[in-house]
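Breakdown of the fold
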Amino acid sequence: MNVLIYLVPIALTLGFVGLVAFVWSLRSGQFDDLDGAASRVLFDDDVDDRKT
Amino acid sequence: MSLDIDLSGFVRQTDDGARGIDFAIDGMTCAACIVEIEQAMKKIPGVEKARINYSNSRLALGWKDETLDPALAVEQLRRMGYVAHPFELAEAESRDAEHAKFLLRCLAVAGFAAMNVMLLSVSVWAGNASDITPETRDMFHWLSALIALPAAAFSGRPFFTSALGALKRRALNMDVPISLAIILALGMSVVETANHRPEAYFDSALMLIFFLLIGRYLEQTMRQRTRAVAGNIAALRSPLAARVNPDGSVTQVPTARIAADDIVLVRPGERIPVDGSIVAGTSEIDESIVTGETRQRSVGVGADVFSGTLNFCGALNIRARAVGAGGFLDEIERLLENAASARSHFVGLAERASRIYAPVVHLTAAATLVGWLIAGKSAHDAIVTAIAVLIITCPCALALAVPAVHVTASGALFRSGVLLNGGQAIERFAEADTIVFDKTGTLTLPEPRVANARDFSGDLIERAARLARSSRHPLARALAQERPMGAPYDGAREEPGAGVAASIDNIETRLGSAAFCGLDASAAAPALDEGSSVIFYRRGDETAVFRVRQTLRADAVETIAALKARGFRVEIISGDSPAATRAVAETLGVADYLGGAKPADKVARLEALKAEGRKTLMVGDGFNDAPALAAAHASLSPVSAADVAQASADAVFLGEKLAPVARALELSRLARKLMRQNLGIAVIYNAIAVPLAISGLVTPLIAALAMSGSSLVVTGNALRAGVGAGESRTPEQAQAGEPEGSRSNAGAAA
């Protein structure tokens, strides 16, 4: 069972990284315009500023 | 556009000198418009940021250069075929957006915690069945506690604050048993873990929070989406007003920026933007939006005019008046107050259910505790069982039963062009059995139309409509509507008060009054009847007399017939003359009608129907309908309605058709059926789970399965409200200025 000593922290850290990434994307306004984001991925110009 | 537009009131400025403005955009039809607009905006020198929000059809512009005039952007957009209107985020809307983000953060934390705790719990459940050592199990439980306690404290706040608020008012709402269950489940689990017991409920508590937050979040986004569309419509509807400055120059100003005593110029064919009195000019105005009367009123200096009314022939200067000062306005206001206070406090299905549910749950838990103590169990075991009852009866399914249907049903209504002001409107619509229609602007189209277009050849109509496009006169606009895509003729000239003329294929063509066209006015005599006006047309020997009048909405006859066939009682109450009302009522086959009704008469009729025990749905658009809309059991307004009417109505429908009224009733009844089914499912779930909990047989595994299972069943059932409601939007709705929000709503139903 010694394997738990590092497996559990790894599992928790990975989950926590996901949570932080989500909160960051929420803060940076990536959930403000879901319909637009779905179409923007198809545009070629990636030059516009990303933070809104 | 030679006039200046003053947008300074809408520009936001931050401390570092950055400026920004928001526009509501009309005319965005596909995603390609995003690039087109953003690139065009960035080409304007000085513009640093241009970002379209496609979900709610808005454009945010940012710049630093203080000399840049945002009116340039409006002009550029106009040339590209979009209508842009400056936009100020309503406080309610920004608060909603904030709350939605807060819920999403809570949801993320709850989801993260629930998944990780479940990982540990599944190990414990598997280990309990095989060979887990007590030490490992304790460690897993402590780890779970470490994750669950802070996560629940963070993500449970929406429930805790609401429950605390209810308790402070000495009331019980659904959030009280929810909060109690969360806190007790966590508290008991910590105590059990400390005593090295094999069972803990950390996972159940977190899953409960997670599921309930999903429901709350979806409800919030639905409300936000509706509010965004309503906000855009309000911005696009409110036109720019031409303010006459003291030096005589004219500036285009958003109507909201007109102060009392400002002088406003209203040209022929424009709607009067503010309430006020005329200081210069004479004209005829169409006041049907205020009184329901279709005949025009002659006005001169000193006459009072109301916002929303249509100016026909002469330019007017109007002195704006402070809000709520005037005979007619005061009367409406007084009636509105009475109606609002008289409106019975409607208690929704969810609230009625929770009023019964919460006390029953708490009493059952208490009875379980006392019962087991009497039966001779140890105090510890009795308490654990009682808490298990509280956890398992926690109204997860019940709390989702009604909101989940609200979300899917309002999404379906949204797609058929009905915007709800509040969730409870659905339940009130479902109860309605009598429908009272206003006539002008509700059964009829808000703008007059050519009534006898079918009598003439297509070519003639085409020429007349294109010629009419060069005129600002409301009657000419009605004629131009016959060919919405027709381009005006080059060299067409308008003689104010007479008509328009142009040379078409070298033949002089005229449109306007009889004298202007050189025709005999008596030719129109058989065509003249109550409420219709005539336009003469002449091109060489080709002549025509167009009758322009209020026409019924295209599907009014079928919709009324369908409503009657479904057993609704239909009545018409109009402020227009009794004769005009009778004509419409006879066309539609409505036996009960009342013409010449004042606002108070309308309210009185609704009160009489109420006294008969009927639940009324009032459909009206006018200023004069506002008190009736507030007094009715449920109410609906077309999007062209006066602002007061829209504010008093439970919902607003878009487009030129009457069908959304029938659709709203149909969907609401389906929704109510599903709500009742859902409450039934929740009751059945409890009927099975509660005896198990009372007898002490519930383990954390059973609790987790039963609670999430019932929530999923209820939510799945609610999704049926959205099935078959996926009507695509009609061109009419697009014309009515409906922004792009209703396009894809798959997310709202998910």
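All values reported here derive from a predicted model rather than from experimental measurement.

Parameters and conventions
- Residues numbered from 1 in each chain as written.
- Chains lettered and ligands numbered in written order.
- Predicted model: local features only at pLDDT ≥ 70, side-chain atom pairs only at ≥ 80, totals over all residues.
- Heavy atoms only, no water.
- Pairing = 2+ DSSP bridges.
- Helix = DSSP H or I, 4+ residues; strand = E, 2+ residues; numbered from the N terminus.
- Contact = heavy atoms within 4.5 Å.
- Buried area = accessible area lost by both parts, 1.4 Å probe.
- Salt bridge = Lys/Arg side-chain N within 4 Å of Asp/Glu carboxyl O.
- Polar contact = N/O pair within 3.5 Å; in protein donor to acceptor, adjacent residues only side chain to side chain.
- Expected span 1.5 Å × (residues − 1).
- Buried < 20%, exposed > 50% of the residue type's maximum accessible area, 1.4 Å probe, protein only.
- Core = buried A, V, L, I, M, F, W, Y, C linked by side-chain atoms within 4.5 Å.
- Domains from an automatic or database assignment.
- Patch = residues over 30% accessible without salt bridge, like charges linked within 9 Å, V, L, I, M, F, W, Y side chains within 5 Å.
- Areas by Shrake-Rupley, 256 points an atom, 1.4 Å probe, with all protein chains shown as cover.

The subject of this paragraph is the sheet that holds strand E12 (residues 297-299) of chain B. All names here are of chain B. Pairing is antiparallel in the open sheet, where three strands are placed in the order E12-E11-E14. Each having just a single partner strand, E12 and strand E14 (310-311) make up the two edges of the open sheet. When strand E11 (residues 283-286) meets E14, the two strands line up antiparallel, connected through two bridges. What sits directly across from Asp286, in E14, is Leu310.

With respect to the helices, strands and loops of the structure, Ser144 of chain B is situated in helix H4 (residues 134-155). Ser144 of chain B has contacts with Val117, Leu120 and Phe202 of chain B, leaving out every residue within four places of it along the chain.

This next bit is on the environment of Ser57 of chain B. As for its position among the elements, Ser57 of chain B is in the loop between strand E4 (47-53) and strand E5 (58-63). Placed 45 residues apart in sequence, Ser57 of chain B and Arg12 of chain B show a C-alpha to C-alpha distance of 19 Å.

Contacts between chain B and chain A engage 29 residues on the former and 24 residues on the latter. Each partner contributes to the roughly 2,300 Å² buried at the junction of chain B and chain A, and carbon and sulfur atoms together form 62% of this total. When the buried surface of chain B facing chain A is broken down by residue, Arg51, Lys101 and Phe112 of chain B rank first, second and third, together holding 23% of it. There are two salt bridges connecting chain B and chain A. Salt-bridge contacts for Glu38 of chain B lead to Arg40 of chain A; the nearest nitrogen and oxygen are separated by 2.9 Å. Viewed at the interface, chain A and chain B are joined by five residue pairs in polar contact (both at pLDDT 80 or more). When residues in the side of chain B that touches chain A are grouped by element, the largest group, eight residues, is from helix H3 (residues 91-129) of chain B.

This part takes up helix H1 (residues 4-27) of chain A. Residues and elements named next belong to chain A. The first and last C-alpha atoms of H1 sit 34 Å apart over 24 residues, in line with the 34 Å expected at 1.5 Å per residue. Every buried residue of H1 is accounted for by Leu4, Val8, Leu19, Ser25 and Leu26. One or two positions beyond H1, positive phi appears at Gly29, with a value near 80°.

Residue and element names in this part refer to chain B. By size, the foremost hydrophobic cluster in this structure holds 111 residues, and its most contacted members are Phe437, Leu617 and Leu636. It is H3 that contributes the most residues to this core, 15 residues altogether. When residues of this core are sorted by domain, at least three fall in each of domain 2 (94-228 + 350-407 + 668-749) and domain 4 (419-445 + 553-653). Residue contacts for Leu617: discarding those within four places in its chain leaves Phe429, Ala432, Thr434, Ile435, Val436, Ala634, Ser635, Leu636, Val661 and Leu665.

Glancing now at a nonpolar patch on the surface. Taken together, the side chains of Val3, Tyr6, Leu7, Ile10 and Leu14 of chain A present a nonpolar region at the surface, about 500 Å² in accessible area. As for its placement among the helices and strands, Val3 of chain A is situated in the segment before H1.

Right, let's get into the environment of Thr294 of chain B. Residues and elements named next belong to chain B. In this fold, Thr294 is placed in the loop between helix H8 (288-291) and E12. The buried category is assigned to Thr294, whose relative accessible area is 14%. Distance from Thr294 to Gln550, taken between C-alpha atoms, is 7.7 Å for residues 256 residues apart in sequence. Each residue touching Thr294, except ones within four places of it in the same chain, is listed here: Lys439, Thr440, Gln550 and Asp576.

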